[in-house]
Amino acid sequence: MTTQSNPGNADPLELEKFSELAHRWWDPDSEFKPLHDINPLRLDWIDRTTRLAGKRVLDVGCGGGILAESMATRGAEVTGIDLSEKALSVARLHLLETGNKAEYRLQSAEDHALERPGHYDIVTCMEMLEHVPDPASTVAACSALVRPGGTVFFSTLNRNAKSWLFAIVGAEYVLRLLPRGTHEYDKLIKPSELARYARTAALREAELLGMSYNPFTKIYSLGRDTGVNYLMRCVRDE
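Draft legend 1. Inspection of the nonpolar core at higher detail. In this structure, I46, L52 and M71 are the most contacted members of the largest nonpolar core, which totals 32 residues. Elements that contribute at least two residues to this core include exactly helix 2 (33–50), helix 3 (66–73), helix 4 (85–98), strand 3 (103–106), strand 4 (120–126) and strand 6 (203–214). Residues L58, A109, I189 and Y230 belong to the second largest nonpolar core, which totals 27 residues.

Draft legend 2. Broad picture of the packing of aromatic side chains. Per the stated rule, a full pass over the model turns up three aromatic pairs. Relative to F32, the ring of W25 lies with its centre 4.1 Å away and its plane at 20°, an arrangement referred to as stacked. In this pair, the class of W25 matches that of F32, namely buried. With 4.9 Å between their ring centres and 80° between their planes, W45 and F153 make a pair best called edge-to-face. With W45 in helix 2 and F153 in strand 5 (residues 146–157), this pair connects stretches of sequence that are 108 residues apart. A relative accessible area of 0% places W45 in the buried class. Owing to a relative accessible area of 0%, F153 belongs among the buried residues under this scheme.

Draft legend 3. View of the environment of R159. Secondary-structure assignment places R159 in the loop between strand 5 and helix 7 (161–174). Taking the C-alpha atoms as reference points, R159 and G227, separated by 68 residues in sequence, lie 8.2 Å from one another. Ignoring any residue separated from it by four or fewer positions in sequence, one finds R159 in contact with Y185, D186, L188, I189, K190 and E193. Polar contacts involving the side chain of R159 include one to the main-chain carbonyl oxygen of L188, which spans 2.8 Å.

Draft legend 4. Spotlight on the pairing of strand 7 (residues 219–223). The sheet contact formed by strand 6 and strand 7 spans five bridges and is antiparallel. Each bridged residue has a counterpart across the sheet, and for S212 the counterpart in strand 7 is S221. Taken together, strand 6 and the strand that follows it, strand 7, pair antiparallel across an intervening segment of four residues, in which K218 is found at a positive phi of about 60°.

Draft legend 5. Just the packing of helix 2 against helix 3, in detail. Where helix 2 meets helix 3, the axes come as close as 10 Å, and the angle between the chain directions of the two elements is 45°. Classified by the angle between their axes, helix 2 and helix 3 sit oblique to one another. Both helix 2 and helix 3 take part in a crossing whose hand is right-handed. Contacts between helix 2 and helix 3 involve L35, H36, N39, R42, L43 and I46 from the first element and I66, L67, S70 and M71 from the second. Within the contact of helix 2 with helix 3, the residues separate by chemical class into six nonpolar, three polar and one charged.

Cut-off values and rules
Residues numbered from 1 in each chain as written. Predicted model: local features only at pLDDT ≥ 70, side-chain atom pairs only at ≥ 80, totals over all residues. Heavy atoms only, no water. Core = buried A, V, L, I, M, F, W, Y, C linked by side-chain atoms within 4.5 Å. Buried < 20%, exposed > 50% of the residue type's maximum accessible area, 1.4 Å probe, protein only. Helix = DSSP H or I, 4+ residues; strand = E, 2+ residues; numbered from the N terminus. Phe/Tyr/Trp six-rings, centres within 6.5 Å; stacked < 30°, edge-to-face > 60°. Contact = heavy atoms within 4.5 Å. Polar contact = N/O pair within 3.5 Å; in protein donor to acceptor, adjacent residues only side chain to side chain. Pairing = 2+ DSSP bridges. Axes fitted to C-alpha atoms, helices over the stretch in contact; angles between N-to-C directions. Parallel < 35°, antiparallel > 145°, perpendicular 65-115°, else oblique. Left-handed = near helix turned anticlockwise from the far one by under 90°. Nonpolar A, V, L, I, M, F, W, Y, C, P; charged D, E, K, R; others polar.

Listed below in structure tokens is the structure:
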């Protein structure tokens, strides 16, 4: 099903950038290799803390469906929304190839919140907030979409000298893990800022984790270091 949306809280250049790469979304050796590499970590974390089976789940900014489809394989009833029709087409095609089930819609989080307020047990918004003009608006929409007592998961990049060195210079220019220009430093978000957005939106921070990459072993891991990549689990106030 496709629903048209007014992409008010979206950067056209960001949409174009990811749309041009959409056909490579499911290639584990493409520009999206980091997403494939970190997906088992974030999937296990989400499943461990919420037990995905039987839950209604929304993936905001689902792109080509890597996380959304993997949550469906854990027994969740998954809806994915994005503003890139090309990415959603790739996600739908991959469902046909695998036989998995998910619903994908061309819609912003804000518009979807007007249509399905409090509908979901779990909302995920991963690697997206640093790409929108108004991240607080997206956080508020995620809160509106989850039921009271439900869980919202965010992941994004910290804004500091370390993240500039490792996530932008290191990952994009030295190691070439990501295409150059993937991230803009000024759009990165400090954990304190994300926590403030969450509190304003009636979300309570329940867990904060860091994600690190070892360039020698080429392995990602979760831990306490939130200096670069971090993940935040929030609970909607009852």
